[in-house]
Amino acid sequence: MRIVREKPKSELINITPLIDVVFILLVFFMLAGSIEPKDAFAISPPASTSKMRGDVQDFVILIDKDGQVAMGEEKLARDEIESRVRQALTSKPGGLIQLKPDAEADAVDVIEVMEAIRSGGAEYIVLLTVGSGAGRGK
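Since the structure is predicted, the reported quantities are computational estimates derived from the model, not experimental observations.

A few words on the nonpolar core. Ranked by internal contacts, the top residues of the largest apolar core, which has 19 residues, are Ile61, Val85, Ile97, Leu99, Val113 and Ile117. Put simply, the parts of the chain that give this core at least two residues each are strand S2 (59-63), strand S3 (69-71), helix H2 (81-91), strand S5 (97-101) and helix H3 (107-119). Apart from residues no more than four positions distant in its own chain, isoleucine 117 is found in contact with Ile61, Ile81, Val85, Ile97, Leu99, Ala122 and Ile125.

Here it is in structure tokens:
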């Protein structure tokens with residue numbers, strides 16, 4: 001008499017719960033992550049009582065407390081500002097130029113940059129500040 005042995009069944013590993021967890025984590029980190037563009041250096045804008053909001057971020061120019069200037073993530077020399085603004089406005093006519101100075105930036109530096117922006121062809125400049133009721137997060 002011959003005994004027939006059953007072949008061991010290969011068990012399949014169900015990875016559906018693993019895929020579910022991975023997608024839940026993906027959604028969580030997408031929602032929890034920051035979507036804002038990063039600045040070239042840290043800026044803490046001055047306070048303002050103005051009600052106007054600068055939500056459109058076509059072109060943002062930063063001035064730090066040491067007088068360094070950046071457009072987007074790229075640092076600029078003072079003599080490059082006018083040509084970069086002209087180039088930006090040529091690529092996107094009617095684009096909004098926003099100036100975001102540090103609260104401790106020298107007023108003379110801010111005015112010089114504003115004049116360079118005007119010379120570059122900007123008709124309207126938005127000065128970004130923090131509302132008077134907003135906290136600084138320090």
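So, on to the pattern of salt bridges. Following the criterion strictly, the structure yields four salt bridges and no others. Among the salt bridges present, the one from glutamate 112 reaches arginine 78, with a minimum N-O distance of 2.8 Å. Separated by 34 residues along the polypeptide, glutamate 112 in helix H3 and arginine 78 in the loop between strand S4 (74-76) and H2 bring together distant segments of the chain. Exposure remark for glutamate 112: the relative accessible area of 39% places this residue in the partly exposed category. Note on arginine 78: relative accessible area 31%, which makes it partly exposed. For arginine 86, the salt bridge goes to glutamate 82, with nearest N and O atoms at 3.2 Å. With arginine 86 and glutamate 82 both in helix H2, this residue pair falls four residues apart, about one helical turn. Connected through shared salt-bridge partners, Arg78, Asp109 and Glu112 make up one network.

About the thresholds
Residues numbered from 1 in each chain as written. Predicted model: local features only at pLDDT ≥ 70, side-chain atom pairs only at ≥ 80, totals over all residues. Heavy atoms only, no water. Core = buried A, V, L, I, M, F, W, Y, C linked by side-chain atoms within 4.5 Å. Buried < 20%, exposed > 50% of the residue type's maximum accessible area, 1.4 Å probe, protein only. Helix = DSSP H or I, 4+ residues; strand = E, 2+ residues; numbered from the N terminus. Contact = heavy atoms within 4.5 Å. Salt bridge = Lys/Arg side-chain N within 4 Å of Asp/Glu carboxyl O.

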